[in-house]
Amino acid sequence: MKAPLLLASTSIYRAERLACLQIPFEQASPRCDETPHQGETPADLALRLARIKADSLTDDYPDHLIIGSDQTASDPDGRLLGKPGTAEAAARQLKRCSGGTVIFNSAVALAGPIIEAWNVTTEVRFRTLSDAEIGRYIEKDQPLDCAGSFKVEALGITLFEWVRSDDPNALIGLPLLSLSRHLRRLGYELP
């Protein structure tokens with residue numbers, strides 16, 4: 001019998017992605033300080049946080065395979081983009097991204113009987129956005145809890161010229177193609 005899965009995240013977006021695999025799983029809130037380290041690249045930050053999130057729950061769930069995940073976004077100048085929290089901060093972020101390419105690093109770590117971690121990179125090219133477009137978008141989609149200030153699974157897709165990634169799910173926060181590959185290798189039955 002395979003170890004039960006535990007998603008080390010309270011993100012509704014990650015839970016929705018994982019539910020697509022139709023494997024039962026539980027969710028728990030990881031214990032993790034998400035402060036970036038001095039000089040840490042966005043890719044390294046995402047991997048470190050995914051590992052910490054998965055590892056933080058191994059004592060509480062010793063019989064589970066724990067899935068930790070984290071995502072970082074960096075604007076065209078390489079600065080980290082966080083979750084904006086307010087409409088004003090979202091507008092500032094989208095203005096910085098307008099006409100440029102944003103890099104997303106979606107990292108996953110598995111902990112339990114094994115420890116593995118990997119990262120999937122996604123490039124998003126934003127259209128040149130007017131202040132009015134940005135305002136309308138924020139009002140309609142309310143992307144205040146999303147890194148980069150958009151929801152690709154909703155109206156956020158209208159902000160882009162193109163998206164490049166090995167996994168279309170990565171931009172939503174959980175790269176299912178690579179996760180499925182790892183789960184199959186570990187003996188989990190997927191279609």
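What counts, and at which threshold
- Residues numbered from 1 in each chain as written.
- Predicted model: local features only at pLDDT ≥ 70, side-chain atom pairs only at ≥ 80, totals over all residues.
- Heavy atoms only, no water.
- Phe/Tyr/Trp six-rings, centres within 6.5 Å; stacked < 30°, edge-to-face > 60°.
- Helix = DSSP H or I, 4+ residues; strand = E, 2+ residues; numbered from the N terminus.
- Buried < 20%, exposed > 50% of the residue type's maximum accessible area, 1.4 Å probe, protein only.
- Lys NZ or Arg CZ within 6 Å of the ring centre and 35° of its normal.
- Core = buried A, V, L, I, M, F, W, Y, C linked by side-chain atoms within 4.5 Å.
- Contact = heavy atoms within 4.5 Å.
- Arc of directions from axis to C-beta.
- Axes fitted to C-alpha atoms, helices over the stretch in contact; angles between N-to-C directions.
- Parallel < 35°, antiparallel > 145°, perpendicular 65-115°, else oblique.
- Left-handed = near helix turned anticlockwise from the far one by under 90°.
- Salt bridge = Lys/Arg side-chain N within 4 Å of Asp/Glu carboxyl O.

A look at the packing of aromatic side chains
Right, on to step 1. All told, the structure shown has 4 aromatic pairs when counted by the stated rule.
Right, on to step 2. Measuring from centroid to centroid gives 5.1 Å for F126 and F160, while their planes differ by 85°, and the two rings are edge-to-face. Of this pair, F126 sits in strand β6 (residues 116–126) while F160 is found in strand β7 (residues 160–165), placing the two residues 34 residues apart along the sequence.
Right, on to step 3. Plain terms: the ring middles of F150 and F160 are 4.9 Å apart, the flat faces sit at 85° to each other, and that makes the pair edge-to-face. Here F150, found in the loop between α4 (131–141) and β7, pairs with F160, found in strand β7; they are 10 residues apart in sequence, far enough to count as distant. With respect to class, F150 is no different from F160; both count as buried.
Right, on to step 4. Ring pairs connect the aromatic residues F104, F126, F150 and F160, which therefore count as one cluster.
Right, on to step 5. Over the face of the ring belonging to W162 we find R164, whose NZ or CZ atom lies 3.8 Å from the ring centre.

Some remarks on the nonpolar core
Right, on to step 1. In terms of nonpolar packing, the biggest core is built from 22 residues, with L94, V102, F104, F126, F150, L159 and F160 touching the most fellow members.
Right, on to step 2. At the level of elements, α3 (87–97), β5 (101–111), β6 and α4 are the ones that each hand at least two residues to this core.
Right, on to step 3. The contact partners of L159, leaving out residues within four places of it in the chain, are L94, F126, R127, L129, Y137 and F150.
Right, on to step 4. In this structure, L18, V108, A170 and L174 belong to the second largest nonpolar core, which totals 19 residues.

Considerations on unusual backbone geometry
Right, on to step 1. At Q22, a residue that is not glycine, the phi angle is positive and equals roughly 55°.
Right, on to step 2. For Q22, the location among the structural elements is in the loop between α1 (12–19) and β2 (25–28).
Right, on to step 3. In this model, S149 sits at a positive phi of 70°, which is unusual for a non-glycine residue.
Right, on to step 4. The topology assignment puts S149 in the loop between α4 and β7.
Right, on to step 5. You can call S149 buried: its relative accessible area is 0%.

Remarks on α4
Right, on to step 1. If you check which residues of α4 are buried, you get I134, Y137, I138 and D141. What you see down the axis of α4 is that its buried residues fit within an arc of 95°, all on one side. In α4, the exposed residues that point more than 90 degrees away from the buried face are E139 and K140.
Right, on to step 2. Residues of α4 that are buried make contact with α3.

A short note on the packing of α3 against α4
Right, on to step 1. Where α3 meets α4, the axes come as close as 10 Å, and the angle between the chain directions of the two elements is 135°. Classified by the angle their axes make, α3 and α4 are oblique. Relative to α4, the crossing made by α3 is right-handed. Between α3, through A87, A90, A91, L94 and K95, and α4, the contact on the second element is made entirely by D131, I134, Y137 and I138.

Structural notes on the pattern of salt bridges
Right, on to step 1. Under the counting rule described, the total for this entry stands at 10 salt bridges.
Right, on to step 2. The partner of R48 in a salt bridge is E40, with the nearest N and O atoms 2.6 Å apart. No difference in accessibility class separates R48 from E40, as the two residues are buried.
Right, on to step 3. Close ionic contact of D70 with K53 constitutes a salt bridge, the shortest N to O distance being 2.7 Å. With D70 in strand β3 (residues 65–74) and K53 in helix α2 (residues 42–55), the pair connects residues that are 17 residues apart, well separated along the chain. Across this residue pair, the class does not change: D70 and K53 are buried.
Right, on to step 4. Among the ionic contacts, a cluster of salt bridges with common partners joins D75, D77, R79 and R96.

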